[in-house]
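# What the coordinates show
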Amino acid sequence: MNRFVLASLIPPLAVCRYGCAGCCAAPIAVFWITGIVSLVYGYFGGPSGVDQVSWGTMGLGVVLWAIAAVWANMTIRTVADDLGDPKCENRASTICRIVPPHLDDSDPMDELKKYQ
């Protein structure tokens, strides 16, 4: 299945499969599940308990699902960019632009060994 389609339909699974599960699969899953619950709850009347569909609650569910899908796509794209340029030589990744590598940084474990 295409990454974009999987990230649109089941965002947490797409992040676990193509991205970094430890990065943000859990918050994406919370948005996605809340969106599904909101869609079902809105179909049955929503918080006001009306006999028809609560379109506001349905809209909230669609928005939450869309947030999860966009977040998953951004995570997958960022992880792919990071894997393509692990040493940040081309600076293709947003992480490389935000946190530039410092060559003068010393190893903290070396500093501890000096004092022992």
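Now for a description of the structure that goes with this document. (Residues numbered from 1 in each chain as written. Predicted model: local features only at pLDDT ≥ 70, side-chain atom pairs only at ≥ 80, totals over all residues. Heavy atoms only, no water.)

## So, helix H2 (residues 11–18)
This is how the line gets drawn: Think of it in three bands: with a 1.4 Å probe and only protein chains considered, a residue is buried below 20% of the maximum accessible area for its type, exposed above 50%, and partly exposed in between. Secondary structure elements are defined from DSSP: runs of H or I of at least 4 residues count as helices, runs of E of at least 2 residues count as strands, and each element is numbered from the N terminus. Regarding the arc, it is the one traced by the directions from the helix axis to the C-beta atoms.
Taken together, the buried positions of H2 are occupied by Pro-11, Pro-12, Ala-14 and Val-15. Taken around the axis of H2, the buried residues stretch over an arc of 160°, which confines them to a single face.

## Here's the deal with the packing of aromatic side chains
Convention followed: Planes of paired rings set the category: under 30 degrees apart is stacked, over 60 is edge-to-face and the rest tilted, where pairs are Phe, Tyr or Trp rings (Trp by its six-membered ring) whose centres lie within 6.5 Å.
Inspection of every chain in the model, using the stated rule, returns three aromatic pairs. Seen in terms of ring centroids, Trp-32 and Trp-65 are 6.1 Å apart; in terms of plane orientation they differ by 85°. Their pairing is edge-to-face. Pair noted here: Trp-32 is in helix H3 (residues 21–43) and Trp-65 is in helix H4 (residues 55–84), with a separation of 33 residues, a long-range link. The class of Trp-65 is partly exposed, set by a relative accessible area of 23%. Aromatic side chains Tyr-43 and Phe-44 sit 5.3 Å apart centroid to centroid with 80° between the ring planes, which places their arrangement in the edge-to-face category.

## Examining a nonpolar patch on the surface
As a reminder of what qualifies: Like-charged residues within 9 Å of one another, or nonpolar side chains (Val, Leu, Ile, Met, Phe, Trp, Tyr) within 5 Å, are grouped into patches, provided each residue has over 30% relative accessible area and no salt bridge. Shrake-Rupley sampling with a 1.4 Å probe provides the accessible areas, and residues are treated as covered by the protein chains on show and by no other component. Salt bridges are identified by distance alone: a Lys or Arg side-chain nitrogen within 4 Å of an Asp or Glu carboxyl oxygen.
A cluster of nonpolar side chains, contributed by Phe-4, Val-5, Leu-9, Ile-10 and Leu-13, occupies part of the molecular surface with about 420 Å² of accessible area. With three residues, the single largest contributor to the nonpolar patch is helix H1 (residues 3–9). Locating Leu-13 in the fold gives a position in helix H2.

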